[in-house]
Amino acid sequence: MMAPDLIAPSILSADFARLGEEVDHVLAAGADIVHFDVMDNHYVPNLTIGPLVCEALRKHGVTAPIDVHLMVKPVDRIIPDFAAAGATYITFHPEASEHIDRTLQLIRNEGCKAGLVFNPATSLSYLDYVMDKVDMVLLMSVNPGFGGQSFIPETMEKLRQARKLIDASGLEIRLEVDGGVKADNIGAIKAAGADTFVSGSGIFGKGRDSDPHRYDSIIQEMRQELAR
Ligand SMILES: O=C(CO)[C@H](O)[C@H](O)COP(=O)(O)O
Ligand SMILES: [Fe+2]
């Protein structure tokens, strides 16, 4: 049985000068979880935000799950800091960890849900011996590092493969997709097997200054596409 759909706005495309307000607005508009992109200018060619910002969102009053997508190498030493800062999910790229099994266990031992992230050219075979230590499989539908890129169509077939693996495992594992997700492709992405949808520029893209109800209408449109 498929888990309920979750819409996860990526704050990478939010207005960082008003981050707390942006997160409040998007959650009030009906988003389910907050996708938090952490980039280190080493594993990926961009630099973003760390545990202090995650903690600041919790202090601001955000109670929704925070989905921390680590694009950092090495990965292990930052995990306890994110757990202490209030992360709910912590996902990482297998290429960024020397010991994937150990990193997954570290995340769960810190009290968070653990996930593996697959770049467009990364094989799903990384799941082979760790399926029971994973709460989330995240398929990148762009190469990581930047918001606003186009969805890579080959992701659809990979999603179908990942859905089969998850269903065959009988475990409760979310299948998330990240990169180029918009209202006009979210329905097809769900049909391919995803249940958790990250969208950055698709939600925050134009800002809400021109239309204060923009986040409500875009999330409503996504929900309608998911319900078809
Ligand atoms: O992990 C990411 C990039 O590495 C972002 O989550 C992703 O790109 C979201 O942005 P958009 O929806 O604009 O593609
Ligand atoms: Fe992401």
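Looking at an unreviewed UniProt entry, one finds the protein named Ribulose-phosphate 3-epimerase and attributed to Thiocapsa imhoffii. Regarding the protein, the relevant UniProt record gives this comment under Sequence similarities (unreviewed entry): "Belongs to the ribulose-phosphate 3-epimerase family." Reading the Pathway (unreviewed entry) entry of the UniProt record for the protein gives the comment "Carbohydrate degradation."

Attention now goes to the site of ligand 1. Lining the immediate surroundings of ligand 1 are 19 residues, of which Asp37, Gly148, Asp178, Gly200 and Ser201 lie closest. Between His69 and ligand 1, the recorded distance is 3.2 Å, taken from a side-chain N or O atom to an oxygen atom. Gly200 places a polar main-chain atom, nitrogen or oxygen, 2.8 Å from an oxygen atom of ligand 1. Within the complex, the protein chains bury 100% of what would otherwise be the 370 Å² of accessible surface of ligand 1. It is strand β2 (residues 34-39) that provides the largest number of residues to the shell around ligand 1, a total of three residues. For the shell around ligand 1, the residue count by class is six nonpolar, eleven polar and two charged.

The positions UniProt marks with the feature "binding site: substrate" (unreviewed entry) are Ser10, His69, Gly145, Phe146, Gly147, Gly148, Asp178, Gly179, Gly180, Gly200 and Ser201. Look at Ser10 and you get buried, because its relative accessible area is 4%. Excluding residues that lie within four positions of it along the chain, Ser10 makes contacts with His35, Asp37, Val198, Ser199, Gly200 and Phe204. Note on placement: Phe146 falls in the loop between β6 (136-140) and α5 (155-169). Sequence-distant contacts of Phe146, defined by excluding residues within four places in its chain, comprise Leu12, Met39, Pro45 and Asn46.

Below, the discussion takes up the packing of aromatic side chains. Here the structure, examined in full by the defined rule, presents two aromatic pairs. An angle of 75° between the planes, with centres 5.9 Å apart, marks the rings of Phe36 and Phe82 as edge-to-face. Within this pair, whereas Phe36 is found in strand β2, its partner Phe82 is found in helix α3 (residues 79-84), the two being separated by 46 residues in sequence. Like Phe36, the residue Phe82 is buried in the burial classification. Between the aromatic rings of Phe204 and Tyr215, the centroid separation amounts to 5.4 Å while the plane-to-plane angle is 80°, which identifies the pairing as edge-to-face. Within this pair, whereas Phe204 is found in helix α7 (residues 201-204), its partner Tyr215 is found in helix α8 (residues 214-227), the two being separated by eleven residues in sequence. Each member of the pair Phe204 and Tyr215 is classed as buried.

Here is what the cut-offs are and how they apply
- Residues numbered from 1 in each chain as written.
- Chains lettered and ligands numbered in written order.
- Predicted model: local features only at pLDDT ≥ 70, side-chain atom pairs only at ≥ 80, totals over all residues.
- Heavy atoms only, no water.
- UniProt positions renumbered as here; feature names shortened; annotations may be inferred.
- Near = heavy atom within 4 Å.
- Polar contact = N/O pair within 3.5 Å; in protein donor to acceptor, adjacent residues only side chain to side chain.
- Areas by Shrake-Rupley, 256 points an atom, 1.4 Å probe, with all protein chains shown as cover.
- Helix = DSSP H or I, 4+ residues; strand = E, 2+ residues; numbered from the N terminus.
- Nonpolar A, V, L, I, M, F, W, Y, C, P; charged D, E, K, R; others polar.
- Buried < 20%, exposed > 50% of the residue type's maximum accessible area, 1.4 Å probe, protein only.
- Contact = heavy atoms within 4.5 Å.
- Phe/Tyr/Trp six-rings, centres within 6.5 Å; stacked < 30°, edge-to-face > 60°.

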